[in-house]
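Observations on the model geometry
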Amino acid sequence: NYNHKVYEFDSMEDEVNYIAFNICKLIDNGINPNMIKLTNVSPDYYNTLVRIFSLYNLKVNIPYQTSLVNYPLVKEFIKSYKDSSKSIEEILLELDNDSNVYLELVKVINKYLKYDNKGLLIYKIANSTINSYPYENGIDIVDYLDYISDENEYVFMMGFNEGIIPKNNMDTAYITDNICALLGLDTTRILNKKLKDKTINIINDIKNLTITYKLKDFKKSYYPSTL
C-alpha cells in the first residue's frame, strides 16, 4: 500500500521533459533501462516522447504499426510474384530471410496460400500491418491494467488527467444499462466503479511510481484526474 506524489505540469512538453530527465538520473545511478517503464501513454504523446527523449539520448519503444508493404523486402516479393513464373518458394529463397519482416510476410503467405488466388494474396500482403520492433535498451510502454508489479522496476504514469484515467465505460454497448439491470448484469456505473477501484489498487501496489499530468497540450486544456 504505497503512497505516491502527483506532479502537475503546465504543458505536455514540460511533463515529458521532467520524465526524461529523471530516467537519465536513474540510468546514471545504475538502473537498467529495461527496468524502467512508461504507462498510461496515449498516442498523443508519441511524437513528443520521441523528440524529447532523443535530446537525452534515450530510446522509447513506441508501439507503432506500419504497413507490411512499406518494407523493401515485401515490395521485392510482390514485384517478383507479379512478373515472374517462379513459385512462391523459389521467390522466398531469393530474399533475405534473416528478419522479422520476412517472418511476418511468410505468415501472411501461409494463411492465404490455400486459396490459390494471386490477386487475393497480393491484396492481403498489401493490407497487412506489422508492429514496430523494440530497441534493445529502449524504455517500454506498458498497460497499467495488465502490469504486474515488480518492486525493482521504476514506473512513470503519465497523463494522469480527467477523461484519460480511469478509462470509463460508456453506455453505448449493444446491451444498454436498462437491459443490463433487467438481466442482472453490471451496468456502466457498476463497471466504472470496479474499474476505478482496480486502478487505485494497481497504483497503490507499485513501489517506485511517479505520477504526472499536464494542464494543456498543443490542442486543448486538461483537468487532473478525479483519482
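Described in the following lines is the structure provided in the data block. (Residues numbered from 1 in each chain as written. Predicted model: local features only at pLDDT ≥ 70, side-chain atom pairs only at ≥ 80, totals over all residues. Heavy atoms only, no water.)

Thoughts on the packing of aromatic side chains
Overall, the coordinates contain five aromatic pairs when judged by the stated rule. A ring pair is formed by Y46 and Y64, whose centres lie 5.7 Å apart and whose planes are at 85°; its orientation type is edge-to-face. Of the two residues, Y46 sits in helix 2 (residues 46–55) while Y64 sits in the loop between strand 3 (60–61) and strand 4 (65–67), which places them 18 residues apart along the sequence. On the basis of relative accessibility, which here comes to 38%, the residue Y64 falls in the partly exposed class. In this structure an aromatic cluster arises from ring pairing among Y7, F9 and Y18. (Phe/Tyr/Trp six-rings, centres within 6.5 Å; stacked < 30°, edge-to-face > 60°. Helix = DSSP H or I, 4+ residues; strand = E, 2+ residues; numbered from the N terminus. Buried < 20%, exposed > 50% of the residue type's maximum accessible area, 1.4 Å probe, protein only.)

What to know about helix 8 (residues 188–205)
Residues spaced three or four apart along an α-helix face the same direction, because each turn holds 3.6 residues. Helix length check: helix 8, at 18 residues, gives a terminal C-alpha distance of 26 Å against a target of 26 Å (1.5 Å per residue), a fit within 8%. Those residues of helix 8 lying buried are T188, N192, L195, T199, I202 and I203. Buried residues of helix 8, seen end-on, are gathered within an arc of 95° and therefore sit on one face of the element. Pointing more than 90 degrees away from the buried face of helix 8 are the exposed residues R189 and N201. (Expected span 1.5 Å × (residues − 1). Arc of directions from axis to C-beta.)

Let's talk about the pattern of salt bridges
If you walk through the whole model with that rule in mind, you get seven salt bridges. A salt bridge links K79 to D83; its shortest N-O distance comes to 3.8 Å. In this pair, K79 and D83 are both assigned in helix 3 (residues 72–83), four residues apart and thus about one turn of the helix distant. Classification of D83 by relative accessible area gives exposed; the value is 60%. Note that K107 is salt-bridged to E104, the shortest N-O span being 3.5 Å. Remark: E104 and K107 occur in helix 5 (residues 100–112); sequence separation between them is three residues, near one turn of the helix. By relative accessible area, which is 53% here, K107 ends up exposed. (Salt bridge = Lys/Arg side-chain N within 4 Å of Asp/Glu carboxyl O.)

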